[in-house]
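# A look at the structure
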Amino acid sequence: MTTVGVPEGWPATEEEARAVQDELRGRVVLDEPGPPPGTGTVTGVDVAYDDDLDLVAAAAVVLDAATREVVAETTAVGRISFPYVPGLLAFREIPTVRAALDALEREPGLVVCDGYGLAHPRRFGLASHLGVLTGLPTMGVAKNPFTFTHADPAPARGSWAALLAGTEEVGRALRTRDGVKPVYVSVGHRVGLDNAVAHTLALTPAYRLPETTRRADALCRRALKEAARARSPLAGRAAADPDRDWGRSVYEGRRDPVAWAGRVLAAAAGPGPRPPEIEAALELAADPLRWSRGREVFELVRRGSPLPEERAPRTRLLLFRLAELVAKVAHNTAGPAPFFDHHAGWAIGPLAHRLALLTDDGPTRDRIANAVGEWPPPA
DNA sequence: GCGACAG
DNA sequence: ATCTTGTCGC
Ligand SMILES: [Mg+2]
C-alpha cells in the first residue's frame, strides 16, 4: 500500500478543474481500436472514501483477460483531493488511482474505470483523463446514466442503445445480464467503442458489473477500512461524554453561533501572523454575507490542515480543526444543502478548551476562555 | 432561474 | 460515494 498527498498544482476550484479538462481533452486518442478482448490483461480501478477522516483508498486489480483470474493487485491511500462535483469526478479519483497503478509491477493493459469517459459534458470524463495522464488504453463503465439520454435496450444480454449527444454517439447503454439494468459504456483513451462494448461483455460472465470493477471495488473498500482502523483504533464507539454535553450547551446558548465561533477562533489563533487558511475562516465568520461560502472555506482549511499522524505541533492541528468547525457552522447557517453534521458546533467549546490548556501563553489562554464565555466544570 | 447531475 | 434493516421478488 502506498500513500499519496494531493499533487502539486492540483486544481483547487471548479473553474481551474474545468480549464484543465479543456486543456487536456485535445490529447485524447480516439482512433485506435485498442487491445482485442480476451488477450493480455485488463485492470480494474476503483476508489472508496471517508470524507470525515480525509481518506481516499484506491485499488487496481489486474486480471488475465482470457481467464479473468486475478494476476496482480495494489492499493494506495491518499487525502481527499477535490469535492465530488458532477463532471469533475476525475479530480477526486485520479491521484490515488494513479498511485495504485504506479505500484503495479506489471503492465496493466486495458484499464476499466468505474464511471464515464467520452460520454461527458466536455467529452473528458474520468476514463479519458486517466488515459491521457498515463498513456494507457482506458474505457469507462458507469453504473448510472449521466448527461445523455438513451432508449431502453432490449432485455437480452448484449443489447444496447446509443448514448447520443445530438447526432454523435458518445457511448452505449449496454445490457450485460438478461433483464437487468444496463451499464453505460464509453471510450476513454486509445480504445474504440465497439471494442469497449466487447470487453464489457467479456468481463460480465455472472454479474451486471465487470469483474474488474467488482474486484477493484471490493479491494479499495477493504483498504479504506484498514486505513481508517490504522488511524483511529478506537473509532466506532459511542460513549457518554460529559465534554460533549458541555459543548452542546455552550453552543446552543449562543445568540449568534457563527460570530461566536469566529471570536473563539480569533482568540485561539492569537495575535501575530496566521496561516492563510485560518485567516480565511476568520474573514468568513466576520461577514454574514460570506457565510454561504462556508463549504469552500472548509475545503480550503481541510486541504491545508496537517495530517493527524504528522508530527506537527498539536496546537496547530487543533487550530485547523477549529477553523473547519467555524466554516461548517457558517455553511450550516447560510449555505445550501447538503449540510454538515448538525452537531458540528458542539465541538467548538471543548476544542477551544483543549487548545487553551495546551498553550503556554497565559494571556492567550485567558482570551480563549473569554471568547468561549464559559469553561467546563472540572472533572 | 430551477432542477439534474458519473462516484 | 456513504449512511443501514428489513424486505420484496425470483
Ligand atoms: Mg467507484
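What counts as what
- Residues numbered from 1 in each chain as written.
- Chains lettered and ligands numbered in written order.
- Predicted model: local features only at pLDDT ≥ 70, side-chain atom pairs only at ≥ 80, totals over all residues.
- Heavy atoms only, no water.
- Phe/Tyr/Trp six-rings, centres within 6.5 Å; stacked < 30°, edge-to-face > 60°.
- Helix = DSSP H or I, 4+ residues; strand = E, 2+ residues; numbered from the N terminus.
- Donors = N, O, S within 2.8 Å, 3.2 Å for Na, K, Ca; no water.
- Buried < 20%, exposed > 50% of the residue type's maximum accessible area, 1.4 Å probe, protein only.
- Polar contact = N/O pair within 3.5 Å; in protein donor to acceptor, adjacent residues only side chain to side chain.
- UniProt positions renumbered as here; feature names shortened; annotations may be inferred.
- Contact = heavy atoms within 4.5 Å.
- Near = heavy atom within 4 Å.
- Nonpolar A, V, L, I, M, F, W, Y, C, P; charged D, E, K, R; others polar.
- Domains from an automatic or database assignment.
- Buried area = accessible area lost by both parts, 1.4 Å probe.
- Salt bridge = Lys/Arg side-chain N within 4 Å of Asp/Glu carboxyl O.

Counted under the stated rule, the structure contains four aromatic pairs. When the ring of phenylalanine 82 is compared with that of phenylalanine 91, the centres are 5.7 Å apart and the planes differ by 45°; the resulting orientation is tilted. On the basis of an interplanar angle of 35° and a centroid distance of 5.8 Å, the ring pair of tyrosine 116 and phenylalanine 146 is categorised as tilted. Here tyrosine 116, found in the loop between strand E5 (110-113) and helix H3 (126-134), pairs with phenylalanine 146, found in the loop between strand E6 (138-142) and strand E7 (160-165); they are 30 residues apart in sequence, far enough to count as distant. Counting every residue linked through ring pairs, the aromatic cluster contains Trp10, Phe82 and Phe91.

Moving on, we come to the coordination of the magnesium ion. Donor atoms from the polypeptide that bind the magnesium ion are Asp46 (OD) and Asp114 (OD), placed at 2.1 Å. Note that aspartate 46 is positioned in strand E2 (residues 41-50) and aspartate 114 in the loop between E5 and H3, a separation of 68 residues in sequence. Looking at aspartate 46, the relative accessible area reads 3%, which means it is buried.

We now examine the environment of aspartate 51. Relative to the elements of secondary structure, aspartate 51 occurs in the loop between E2 and strand E3 (55-64). Distance from aspartate 51 to alanine 268, taken between C-alpha atoms, is 25 Å for residues 217 residues apart in sequence. At 2.9 Å, the side chain of aspartate 51 forms a polar contact with the side chain of arginine 92.

A few words on the UniProt feature "binding site: Mg(2+)" (unreviewed entry) in chain A. The UniProt entry lists Asp46 and Asp114 under the feature "binding site: Mg(2+)" (unreviewed entry), expressed in the numbering used here. Maximum C-alpha separation among the annotated residues is 6.1 Å over a sequence range of 69 residues, consistent with a single clustered spot. Sequence-distant contacts of aspartate 46, that is, excluding residues within four places in its chain, are made with Ala57, Ala58, Ala59, Asp114, Ala216, Asp217 and Cys220. Contact partners of aspartate 114, with chain neighbours within four places excluded, come to Val45, Asp46, Leu126, Val141 and Lys143. Engagement of the side chain of aspartate 114 in a polar contact is seen with the side chain of lysine 143, the distance being 2.6 Å.

With respect to the helices and strands, alanine 58 occurs in strand E3. In the structure, alanine 58 is positioned 204 residues away from glycine 262 in sequence and 36 Å away in space, judged by C-alpha atoms. Ignoring anything within four residues of it in the chain, the contact list for alanine 58 reads Asp46, Val47, Thr74, Thr75, Ala76, Thr96, Val97, Ala100 and Cys220.

Lining the immediate surroundings of DNA strand B are 17 residues, of which Tyr84, Gly87, Asp114, Lys143 and Asn144 lie closest. Of everything in DNA strand B that lies within 4 Å of the protein, sugar and phosphate atoms constitute 47%. Here a phosphate oxygen of DNA strand B sits 2.8 Å away from a polar atom, N or O, in the side chain of tyrosine 84. Within the backbone of tyrosine 116, one N or O atom sits 3.1 Å away from a base nitrogen of DNA strand B. Of the residues belonging to the surface near DNA strand B, the class tally is nine nonpolar, four polar and four charged.

Moving on, we come to the domain arrangement of chain A. Split by domain assignment, chain A resolves into domain 1 (14-231) and domain 2 (242-372). Of note, the centres of domain 1 and domain 2, computed from C-alpha atoms alone, are 38 Å apart. Facing six residues of domain 1, the contacting portion of domain 2 comprises seven residues. A combined buried area of about 600 Å² lies between domain 1 and domain 2, and 40% of that area is made up of carbon and sulfur atoms. On the domain 1 side of the contact with domain 2, Arg79, Pro83 and Arg231 bury the most area, a combined 70% of that side's loss. Taken together, the links from domain 1 to domain 2 amount to zero salt bridges. Linking domain 1 to domain 2 there are four residue pairs in polar contact (both at pLDDT 80 or more).

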